[in-house]
Number of protein chains: 2
Amino acid sequence: MAPRSAGKNAESSDKVGVICRALRRAIIEQALEPGAKLPEDSLGERFGVSRTIARHALGQLAAEGLVELRRNRIAVVATPSWQEARDAFDIRIELERLVVRQLAGKLTKAQIATLNAHVDAEDGARDGTDAVSIRLATEFHILLAHMTNSPILVRYVSEVAYRCCLTLSLYSRPHSSECAINEHRGIIAALVKGDEAKVMSLMHSHLDSVANRALVAPAPQRGRDLLDILAPYADEGESDRVVKMPKVVRVR
Amino acid sequence: MAPRSAGKNAESSDKVGVICRALRRAIIEQALEPGAKLPEDSLGERFGVSRTIARHALGQLAAEGLVELRRNRIAVVATPSWQEARDAFDIRIELERLVVRQLAGKLTKAQIATLNAHVDAEDGARDGTDAVSIRLATEFHILLAHMTNSPILVRYVSEVAYRCCLTLSLYSRPHSSECAINEHRGIIAALVKGDEAKVMSLMHSHLDSVANRALVAPAPQRGRDLLDILAPYADEGESDRVVKMPKVVRVR
DNA sequence: GGCCGCCAAACTGCATGCAATTCAGGCGCT
DNA sequence: AGCGCCTGAATTGCATGCAGTTTGGCGGCC
């Protein structure tokens, strides 16, 4: 029960959990694009449960930020703004630096083997679909988080990583994840060597480069809701938006 | 609409949100101690809604880690282990360093005033109950997070701060929060001055000292569930628990 | 007395039903 | 044709009902 011990968060082994996991996976593999509608009864029917359960699952996913829930409206896969994507990556960098700091030089042989096996799998899937590569790359990071044996850290890293996946599918063009794989190998090596500072900086630059490759521009706004596109123009009241304005870019 | 704008996370204006907020507050003010039972129908009755809604609210709080949900069992207020408490603080430190890093030198006059007013309120409540002091101190940090204008950061800081509150109520003795207030003032001053490094280190040591004051020992286990107390002894299988063992302390 | 099993009450898991709201498209009006 | 209104279908918000599980305590048995 080593890695899998933590996640008893109101979602394991019950039907809600099944739906959550399925949707999460569908979302990060881009089978469900941002903006995709998720009506309760379709979901319920598809998974053979009642709306009540589907609804509950949507609630959980909304709490994780993967789904947007507006009152009396059909739930949709979340469409993070460019700024939110950037924020997510910033948070992710800090969290994952913490992960590798805790892990540096403390991995067991078994854990190292697990990590290597995973990266090999990433390598093997390199000629598969992009979606699978992204999922595997994400799971590498979550795997690392699991090894800290800190349920809270696992939860946050997972959430924010999934969120980043989501933004990747929004703002990124078909990117070659090959280099990412090598970076993963580098991180493992540094972890084994136990060089805390080195591995933290490696993780930092790894994530930063992923973010920069993905979030180069405020994005082509590959047209989802026309309403969304116009949203920035509405921007009611908003009195004290002063913080982090340096790199703000007007959408279109 | 400065601070209160962000949190539309599937919980505002609907009954679920009302219950969530009420319970959250009750929990962090220790009106509900860790381990307290939260039966769905009592909750529903108390808030004038059906079990369905109460259930949904519990689900949200469980996702935040404030409530523990075990299948077919009455929900209870979460009882984080000492290790989880330590982990929560570690994460919190990183997140809040990020907050002040983003905020340093970027606060508006209005925001500074808001912060000062809040600290004054903390000061004013110093002779009130401990619970209120803790809540106000926590809200100071959440207020800061709001000012980053990053909903994701707000969510995570809030969650982890609430969690820390929870652990405070478990493992801490009546602590004087007076010094904390001064530390808050110091942080504001450094933020205004715009000294990024300084304010990050201030925040770090502030949180670290709060954590150390609270989590000096694995805690007197002020007896909730005797089962919980015995849990560490059971510790089934647990093959590869290698990480972060340095500072582990046996319970009792 | 202590221990085990049984039973009713309590509680959760889930589906269904009804009211309220939103959404889509057709109709009439200009 | 363009625009707005209006109506029915789709969909959510929520309560209630029933079945299955846990709980706690009582009585019998050792």
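A brief structural summary.

How each quantity is defined
- Residues numbered from 1 in each chain as written.
- Chains lettered and ligands numbered in written order.
- Predicted model: local features only at pLDDT ≥ 70, side-chain atom pairs only at ≥ 80, totals over all residues.
- Heavy atoms only, no water.
- Near = heavy atom within 4 Å.
- Polar contact = N/O pair within 3.5 Å; in protein donor to acceptor, adjacent residues only side chain to side chain.
- Helix = DSSP H or I, 4+ residues; strand = E, 2+ residues; numbered from the N terminus.
- Pairing = 2+ DSSP bridges.
- Core = buried A, V, L, I, M, F, W, Y, C linked by side-chain atoms within 4.5 Å.
- Buried < 20%, exposed > 50% of the residue type's maximum accessible area, 1.4 Å probe, protein only.
- Contact = heavy atoms within 4.5 Å.
- Expected span 1.5 Å × (residues − 1).
- Arc of directions from axis to C-beta.
- Salt bridge = Lys/Arg side-chain N within 4 Å of Asp/Glu carboxyl O.
- Nonpolar A, V, L, I, M, F, W, Y, C, P; charged D, E, K, R; others polar.
- Axes fitted to C-alpha atoms, helices over the stretch in contact; angles between N-to-C directions.
- Parallel < 35°, antiparallel > 145°, perpendicular 65-115°, else oblique.
- Left-handed = near helix turned anticlockwise from the far one by under 90°.
- Phe/Tyr/Trp six-rings, centres within 6.5 Å; stacked < 30°, edge-to-face > 60°.

### Considerations on the protein's contact with DNA strand C
Then comes step 1: Around DNA strand C, 18 residues are found, and the nearest of them are A:Ser50, A:Ile53, A:Arg73, B:Arg51 and B:Arg55.
Then comes step 2: By atom count, sugar and phosphate contribute 71% of the portion of DNA strand C lying within 4 Å of the protein.
Then comes step 3: A:Asn72 places a polar side-chain atom, nitrogen or oxygen, 3.4 Å from a sugar or linking oxygen of DNA strand C.
Then comes step 4: The set of elements that each furnish at least two residues to the surface near DNA strand C consists of helix H3 (51-64) of chain A together with helix H2 (40-47) and helix H3 (51-64) of chain B.

### A look at the sheet that holds strand E3 (residues 75-77) of chain A
Residue and element names in this part refer to chain A.
Then comes step 1: With antiparallel pairing, the three strands of this open sheet are ordered in space as E1-E3-E2. Each end of this open sheet is capped by a strand with a single partner; those strands are strand E1 (37-38) and strand E2 (67-68).
Then comes step 2: Two strands pair when backbone bridges link them, and E2 and E3 are joined in this way by two bridges, in the antiparallel orientation. Looking across to E3, one finds that Val67 is bridged to Val77.

### Let's talk about the nonpolar core
Then comes step 1: Counting residues in each nonpolar core, the largest one holds 138 residues, and the members touching the most others are A:Leu144 and B:Leu144.
Then comes step 2: Ignoring anything within four residues of it in the chain, the contact list for A:Leu144 reads A:Val99, A:Val100, A:Leu103, A:Leu115, A:Ile187, A:Leu191 and A:Met203.

### Regarding the environment of B:Arg73
Then comes step 1: With respect to the helices, strands and loops of the structure, B:Arg73 is situated in the loop between strand E2 (67-68) and strand E3 (75-77).
Then comes step 2: Spatially, the C-alpha atoms of B:Arg73 and B:Lys37 are 9.8 Å apart, while their sequence positions differ by 36 residues.

### Looking at the sheet that holds strand E1 (residues 37-38) of chain B
Residue and element names in this part refer to chain B.
Then comes step 1: The sheet built from three strands is open, its strands ordered E1-E3-E2 with antiparallel pairing. Unpaired on one side and paired on the other, E1 and E2 mark the two borders of the sheet.
Then comes step 2: Relative to E3, E1 runs antiparallel, the two being bridged by two bridges. Paired with Lys37 across the strands is Val76, a residue of E3.

### Quick look at helix H9 (residues 196-214) of chain A
Residues and elements named next belong to chain A.
Then comes step 1: A rise of 1.5 Å per residue sets the reference length of H9, with its 19 residues, at 27 Å; its end C-alpha atoms lie 27 Å apart and thus fit the reference within 8%.
Then comes step 2: Of the residues making up H9, those classed as buried are Val199, Met200, Met203, His206, Leu207, Val210, Ala211 and Ala214. Mapping the buried residues of H9 onto a view down its axis gives an arc of 130 degrees, with all of them on the same face.

### What to know about the pattern of salt bridges
Side chains that differ in charge, positive against negative, can pair when their charged atoms come close.
Then comes step 1: Taken as a whole, this structure holds 28 salt bridges over all chains when the rule is applied.
Then comes step 2: Between B:Arg55 and B:Glu40 there is a salt bridge whose closest N-O contact spans 2.4 Å. Taken together, the positions of B:Arg55 in helix H3 and B:Glu40 in helix H2 put the pair 15 residues apart, joining distant regions of the chain.
Then comes step 3: With a relative accessible area of 42%, B:Arg55 lands in the partly exposed category.
Then comes step 4: When salt bridges with common partners are traced through the structure, they connect A:Arg25, A:Glu29, A:Arg135 and A:Glu139 into a single cluster.

### Details of the protein's contact with DNA strand D
Then comes step 1: For DNA strand D, the set of nearby residues contains 18 residues, the closest of which are A:Arg51, A:Arg55, B:Ser50, B:Ile53 and B:Arg73.
Then comes step 2: Within the contact set of DNA strand D, a phosphate oxygen lies 3.3 Å away from a side-chain nitrogen or oxygen of A:Asp41.
Then comes step 3: One of the side-chain nitrogen or oxygen atoms of B:Ser50 is found 2.7 Å away from a phosphate oxygen of DNA strand D.
Then comes step 4: Those elements that provide at least two residues to the surface near DNA strand D are helix H2 (40-47) and H3 of chain A together with H3 of chain B.
Then comes step 5: Of all the elements, H3(B) adds the most residues to the surface near DNA strand D, at three residues.
Then comes step 6: Looking at side-chain class alone, the surface near DNA strand D contains four nonpolar, four polar and ten charged residues.

### Observations regarding the packing of H2(A) against H3(A)
Residues and elements named next belong to chain A.
Then comes step 1: Where H2 meets H3, the axes come as close as 8 Å, and the angle between the chain directions of the two elements is 110 degrees. Taken together, the axes of H2 and H3 lie roughly perpendicular to each other. Two secondary-structure elements touch here, H2 through Glu40, Asp41, Leu43 and Gly44 and H3 through Arg51, Ala54, Arg55 and Leu58.
Then comes step 2: Of the residues assigned to the contact of H2 with H3, the class counts are three nonpolar, one polar and four charged.

### Some details on the packing of H3(A) against H3(B)
Then comes step 1: The N-to-C vectors of H3(A) and H3(B) enclose an angle of 30 degrees; their axes lie 10 Å apart at closest approach. As far as their axial angle goes, H3(B) and H3(A) are roughly parallel. Along this stretch, H3(A) crosses H3(B), giving a crossing that reads as right-handed. Contact residues: H3(A) offers A:Arg55, A:His56, A:Gly59, A:Gln60 and A:Ala63, while H3(B) offers B:Arg55, B:His56, B:Gly59, B:Gln60 and B:Ala63.
Then comes step 2: The residue inventory of the contact of H3(A) with H3(B), partitioned by class, reads two nonpolar, six polar and two charged.

### Details of H3(B)
Residues and elements named next belong to chain B.
Then comes step 1: Between the first and last C-alpha of H3 there are 20 Å, a value that for 14 residues agrees with the 20 Å anticipated at 1.5 Å per step.
Then comes step 2: The buried count for H3 comes to ten of 14 residues, which makes it a mostly enclosed element.
Then comes step 3: Two to three positions downstream of the cap, the backbone nitrogen of Thr52 sits 3.1 Å from a side-chain oxygen, assigning the N-cap of H3 to Ser50.
Then comes step 4: Gly65 lies just past H3 and shows a positive phi near 85 degrees.

### Observations regarding the packing of aromatic side chains
Then comes step 1: Enumeration over the complete set of coordinates arrives at one aromatic pair over all chains.
Then comes step 2: Residues A:Tyr156 and B:Tyr156 carry aromatic rings whose centres are separated by 5.0 Å and whose planes lie at 45 degrees to one another, so their mutual orientation is tilted. Here the residue A:Tyr156 occupies a position in helix H7 (residues 151-171), and B:Tyr156 occupies one in helix H7 (residues 151-171), the pair thus bridging two chains. With respect to burial, A:Tyr156 and B:Tyr156 carry one shared label: buried.

### Some points on the environment of A:Thr167
Residue and element names in this part refer to chain A.
Then comes step 1: Counting through the fold element by element, Thr167 comes out in helix H7.
Then comes step 2: For the pair Thr167 and Ala211, spaced 44 residues apart in sequence, the C-alpha to C-alpha distance is 9.6 Å.
Then comes step 3: Apart from residues no more than four positions distant in its own chain, Thr167 is found in contact with Pro80, Ala85, Phe89 and Ser172.
Then comes step 4: A distance of 2.6 Å separates a polar atom in the side chain of Thr167 from the backbone oxygen of Cys164.

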